Amino acid sequence: QVQLVESGGGLVQVGGSLRLSCAASGGTFSSYVMGWFRQTPGKEREFLARIISSGGTTYYADSVNGRFTISRDNAKNTVYLQMNSLKPEDTAVYSCAASLRYSARYSRESAYDYWGQGTQVTVSS
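Given the structure is predicted, the values throughout are model-derived calculations rather than measurements.

Chemist: Help me understand the side chain of Thr 119, please; the structure alone is not making it clear to me.
Modeler: Following the sequence through the fold, Thr 119 ends up in strand β11 (residues 119-124). Polar contacts involving the side chain of Thr 119 include one to the main-chain amide nitrogen of Gly 9, which spans 3.3 Å. Among all residues touching Thr 119, those that are not within four sequence positions of it are Glu 6, Ser 7, Gly 8, Gly 9, Leu 20, Ala 92, Val 93 and Tyr 94.

Take a look at the structure:
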């Protein structure tokens, strides 16, 4: 059983930065594809970014490309999401997810097997 715990959320002003962390336990973290998603009330969960097991390849949604950076430290079993130039529309609950299998579309929720509980990010104007 894989457990994922996010941290680092909070309140930040427009244009500010935050770094989210997602610590994994159980299983073999270095073999997982990791993703970040976010969700606001009444909306579907939105894919943000994913990183392959070795950390060599990343992929971003257009909405965050150039502002957010996903990275991982396999020695610490942790994946990060560095968020810069934050906007009010970035306000959401942010969750990390782990995929233990191959998928042709890691931007889809169905590609992931385990999810964290989420951390709130609020961007004030």
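Chemist: Could you clarify how one ought to interpret the state of the cysteines in this entry?
Modeler: When the sulfur atoms of two cysteines share a covalent bond, that bond is a disulfide. As enumerated under the stated definition, the model contains 1 disulfide in all. Across the disulfide, Cys 22 is cross-linked to Cys 96 (sulfur-sulfur distance 2.0 Å). Across the disulfide from Cys 22 to Cys 96, rotation about the S-S bond amounts to roughly 60 degrees, and the bridge is consequently right-handed. Of this pair, Cys 22 sits in strand β3 (residues 18-25) while Cys 96 sits in strand β9 (residues 92-99), and the two are 74 residues apart along the sequence. Take Cys 22 and Cys 96: they sit in the same class, and that class is buried.

Chemist: Where do I start with the nonpolar core in this structure?
Modeler: One broad rule of soluble globular proteins: the nonpolar side chains tend to lie buried together. Counting residues in each nonpolar core, the largest one holds 36 residues, and the members touching the most others are Met 34, Trp 36, Val 79, Leu 81, Met 83 and Tyr 94. When residues of this core are traced back to their parent elements, those giving at least two are β3, β4 (33-39), β5 (46-51), β7 (68-73), β8 (78-83), β9 and β11. The element best represented in this core is β9, accounting for 5 residues.

Chemist: Any chance you could explain the sheet that holds β3 here in plain terms?
Modeler: The strands making up a sheet are joined through hydrogen bonds of the backbone, oriented either antiparallel or parallel. Reading across from one edge, β1-β3-β8-β7 is the order of the 4 strands in this open sheet, with antiparallel pairing throughout. With one partner strand each, in any of the chains shown, β1 (3-7) and β7 form the two edges of the open sheet. Neighbouring strand axes in the sheet, compared pairwise and without regard to direction, differ in orientation by 15 degrees on average.

Chemist: Help me understand the pattern of salt bridges, please; the structure alone is not making it clear to me.
Modeler: Any two side chains of opposite charge can pair, so long as their charged atoms come close to each other. Scanning the entire structure with this criterion turns up 5 salt bridges. Salt-bridge contacts for Glu 46 lead to Arg 38; the nearest nitrogen and oxygen are separated by 2.7 Å. Note on Glu 46: relative accessible area 28%, which makes it partly exposed. Take Arg 38: its relative accessible area is 7%, and that puts it in the buried class. Linking Arg 38 and Asp 90 is a salt bridge whose minimum nitrogen-to-oxygen distance equals 2.8 Å. You can see Arg 38 sitting in strand β4 and its partner Asp 90 sitting in the loop between β8 and β9, a full 52 residues away along the chain. No difference in accessibility class separates Arg 38 from Asp 90, as the two residues are buried.

About the cut-offs
Residues numbered from 1 in each chain as written. Predicted model: local features only at pLDDT ≥ 70, side-chain atom pairs only at ≥ 80, totals over all residues. Heavy atoms only, no water. Helix = DSSP H or I, 4+ residues; strand = E, 2+ residues; numbered from the N terminus. Polar contact = N/O pair within 3.5 Å; in protein donor to acceptor, adjacent residues only side chain to side chain. Contact = heavy atoms within 4.5 Å. Disulfide = S-S within 2.5 Å. Buried < 20%, exposed > 50% of the residue type's maximum accessible area, 1.4 Å probe, protein only. Core = buried A, V, L, I, M, F, W, Y, C linked by side-chain atoms within 4.5 Å. Pairing = 2+ DSSP bridges. Axes fitted to C-alpha atoms, helices over the stretch in contact; angles between N-to-C directions. Salt bridge = Lys/Arg side-chain N within 4 Å of Asp/Glu carboxyl O.

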